[in-house]
Amino acid sequence: GESVGLHLPTLSVQEGDNSIINCAYSNSASDYFIWYKQESGKGPQFIIDIRSNMDKRQGQRVTVLLNKTVKHLSLQIAATQPGDSAVYFCAENRGYSTLTFGKGTMLLVSP
Amino acid sequence: GAVVSQHPSRVICKSGTSVKIECRSLDFQATTMFWYRQFPKQSLMLMATSNEGSKATYEQGVEKDKFLINHASLTLSTLTVTSAHPEDSSFYICSARDPRTGGNRETQYFGPGTRLLVL
């Protein structure tokens, strides 16, 4: 049977599609947010960050949106590629305190 | 960019032995490093914050006598798992805060992780 916590939410997309990964954060005092990508057996890799005084920030093929009203963060990946397949974590930070990671979403990109 | 390395990448040990994992910041000095633990298909859980020249700060529920942390220089922190048991088997990841980012931002750069298997 299934065990709680052993199944990551999974997003399956076709190569070339746009992907949207969502994250709900917990602390309304958090003022800095980061998205990390983690490939199997590797450490997390920084993708993009955003401060709480912004609603949107764009990078190369990635966009992060922040909605402080509902404490929601999203990562949009344009023209998703097989190399984007990984687990994506959002993390929140308050001042100089430690990072709190979300549960993660597995992105599977089919050729 | 900031590079963090870990050594070893993988270790297998017998129950009851101690294992040391090293975390190094290669191109910057890190006054603060962090140690995380990650079980399969789960998120990263912070174990402790390692501060250069002072004692580590452990998260609630993490045994400080079992997970010894030493941050003796600005580029090296070590995590020693003492008297390891099979339940300590996990993926251990360190990160370092890059002070060059400034302001009140905290950009942490992660090492590649160490897979520990205790038999």
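Residues numbered from 1 in each chain as written. Chains lettered and ligands numbered in written order. Predicted model: local features only at pLDDT ≥ 70, side-chain atom pairs only at ≥ 80, totals over all residues. Heavy atoms only, no water.

**Student:** Break down the sheet that holds strand 3 (residues 19-25) of chain B for me, citing the residues and quoting the values.
**Tutor:** All names here are of chain B. Ordered by their spatial adjacency, four strands build an open sheet running 1-3-8-7, and the pairing between neighbours is antiparallel. Each end of this open sheet is capped by a strand with a single partner; those strands are strand 1 (4-7) and strand 7 (67-73). Each adjacent strand pair in this sheet contributes to an overall mean axis angle of 15 degrees, direction not counted. Of the strand pairs in this sheet, strand 3 and strand 8 (residues 76-81) are connected by six bridges, and their pairing is antiparallel. From the neighbouring strand, cysteine 23 faces strand 8, where its bridge partner is serine 77. (Pairing = 2+ DSSP bridges. Helix = DSSP H or I, 4+ residues; strand = E, 2+ residues; numbered from the N terminus. Axes fitted to C-alpha atoms, helices over the stretch in contact; angles between N-to-C directions.)

**Student:** Can you explain a nonpolar patch on the surface? Please cite residues and give values.
**Tutor:** On the surface, Ile12, Leu117 and Leu119 of chain B cluster together to form a nonpolar patch covering roughly 300 Å² of accessible area. For leucine 119 of chain B, a relative accessible area of 60% translates into the label exposed. (Patch = residues over 30% accessible without salt bridge, like charges linked within 9 Å, V, L, I, M, F, W, Y side chains within 5 Å. Areas by Shrake-Rupley, 256 points an atom, 1.4 Å probe, with all protein chains shown as cover. Salt bridge = Lys/Arg side-chain N within 4 Å of Asp/Glu carboxyl O. Buried < 20%, exposed > 50% of the residue type's maximum accessible area, 1.4 Å probe, protein only.)

**Student:** Just give me the short version of the packing of aromatic side chains, but keep the residues and values in it.
**Tutor:** Inspection of the entire model under this criterion finds 10 aromatic pairs over all chains. A centroid spacing of 5.6 Å and a plane angle of 35 degrees characterise the contact between tyrosine 36 of chain A and phenylalanine 101 of chain A, whose relative ring orientation is tilted. In this pair, tyrosine 36 of chain A sits in strand 3 (residues 32-38) while phenylalanine 101 of chain A sits in strand 9 (residues 100-101), placing the two residues 65 residues apart along the sequence. According to the relative accessible area criterion, tyrosine 36 of chain A is buried, its value standing at 0%. A relative accessible area of 11% means that phenylalanine 101 of chain A is categorised as buried. Among the aromatic residues, those joined into a ring-pair cluster are Tyr36, Phe46, Phe89 and Phe101 of chain A together with Tyr36, Tyr109 and Phe110 of chain B. (Phe/Tyr/Trp six-rings, centres within 6.5 Å; stacked < 30°, edge-to-face > 60°.)

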